[in-house]
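# Examining the three-dimensional arrangement
Each chain, letter by letter, is given below.
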Amino acid sequence: MFKIAIFASGRGSNFAAIVNQIKSGQIKAQISLLISDKEDAPVLNRPEAEGIESLFIDPASFNNQTAYENYLIKLLQKAEIDLIVLAGYMRILSPVFVSQFKNKIINIHPALLPAFKGLHAQQQAVDYGVKYSGCTVHFVDQGMDTGPIILQAVVEVKADDSAADLAARILVEEHRIYPAAVKFLTENRIKITGRKVKIIKEEENLG
Ligand code: GAR
């Protein structure tokens, strides 16, 4: 069985969207671990987390980031994790951590990368005055929001949108494309060549 670890710091709606597709049989995988760096993260108390090993691992309880990440690496290796899904995990993983799991960590970002990297992407889009924004699922590499792009979805920005209005509309698309990307990965239908990611059609993958 394809084993997934989800890292999340907050609400967990993307976590829930992925869990629901696993439960309905659309994604054939299991979530072996849910890891949060925030004790009070609502994701830990979501009904979808029931039955999933859910851990709050406090980065502040380690001497430094290296020690925190080494602990995570051991946990992930012991659980034989195939894919790490960052779902609103608001912490930057070090190059050492990322290189341990090359092309096995994915993230969703609430903008059309490479525009509006980093925090408050929806506010950045509203402030800039773009007419379209959206969301991006990408592999995590050593940079911030720079890894090869797997899927994107476009969302219109309306003239009087607040950041919250735009975020709500983008979130609908996040819940569509993040589970889709996870599904492609579990089916081994993603080919990476440099920065280019190709999604192999189902029939091409048969042989
Ligand atoms: C989502 O909008 C996700 O794109 C964003 O945090 C939110 C988490 O929502 N991630 C980032 O901004 C990463 N830089 P959720 O906890 O309900 O899935």
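Residues numbered from 1 in each chain as written. Predicted model: local features only at pLDDT ≥ 70, side-chain atom pairs only at ≥ 80, totals over all residues. Heavy atoms only, no water.

## Things to note about the UniProt feature "domain: Formyl transferase N-terminal" (unreviewed entry) in the chain
Cut-off, in case you're wondering: UniProt positions are given in the numbering used here, feature names are shortened, and annotations may be inferred rather than shown by experiment. In this description a helix means any DSSP run of H or I spanning at least four residues, a strand means any run of E spanning at least two, and both kinds are numbered starting from the N terminus.
Taking the numbering used here, the UniProt-annotated feature "domain: Formyl transferase N-terminal" (unreviewed entry) corresponds to residues 3–182. Taken end to end, residues 3–182 is 33% helix and 23% strand, and its two terminal C-alpha atoms sit 11 Å from one another.

## What to know about the site of the ligand
Heads up, the condition is: We define proximity as follows: a residue is near a molecule or strand when any one of its heavy atoms falls within 4 Å of that partner. Polar contact is defined as a pair of N or O atoms within 3.5 Å, subject to the rule that within protein one atom must be able to donate a hydrogen and the other to accept it, and that residues adjacent in sequence are counted only when both atoms are side-chain atoms. For accessible areas, the Shrake-Rupley method is used with a probe of radius 1.4 Å. Any residue's cover is judged against the shown protein chains and nothing else. We place a 1 Å grid over just the protein atoms. Points where a 1.4 Å probe fits but has no way out form a cavity, open points with protein on both sides within 12 Å along at least 5 of 7 lines form a pocket, and any residue with an atom within 4 Å of a point lines it. To decide whether a molecule occupies a pocket or cavity, check its atoms: if more than half lie within 2 Å of the grid points, it is inside.
Near the ligand, the surroundings consist of Arg11, Gly12, Ser13, Asn14, Gly88, Met90, Ile108, His109, Pro110 and Glu174. A distance of 2.6 Å separates an oxygen atom of the ligand from a polar side-chain atom of Arg11. A distance of 2.8 Å is found between an oxygen atom of the ligand and a side-chain nitrogen or oxygen belonging to Glu174. Burial of the ligand by the protein amounts to 88% of the accessible area it has alone, namely 450 Å². Using a 2 Å cut-off from the grid points, one finds that the ligand occupies the largest pocket. Breaking the shell around the ligand down by element, the ones donating at least two residues are helix H1 (13–23) and strand S5 (105–109).

## Some words on the confidence of the model for the chain
What counts here: pLDDT runs from 0 to 100 and stands for how confident the predictor is about each residue.
The predicted model of the chain averages 97 in pLDDT, with 99% of residues at 70 or higher. Predicted complex, confidence summary: ipTM 0.99, pTM 0.97.

## Let's talk about the pattern of salt bridges
Worth spelling out the cut-off: Salt bridges are defined by distance alone: a side-chain nitrogen of Lys or Arg within 4 Å of a carboxyl oxygen of Asp or Glu. Under the scheme applied here, a residue whose accessible area is under 20% of the maximum for its type counts as buried, over 50% as exposed, and between as partly exposed, the area being computed with a 1.4 Å probe on protein chains only.
Evaluation of the coordinates by the stated rule reveals eight salt bridges. The shortest N-O distance in the salt bridge between Arg91 and Asp37 comes to 2.9 Å. In this pair, Arg91 is assigned in the loop between strand S4 (83–86) and helix H3 (95–100) and Asp37 in the loop between strand S2 (30–36) and strand S3 (54–56), connecting sequence segments 54 residues apart. For Arg91, a relative accessible area of 33% translates into the label partly exposed. One salt-bridge network, in which partners are shared between bridges, spans Asp37, Lys38 and Arg91.

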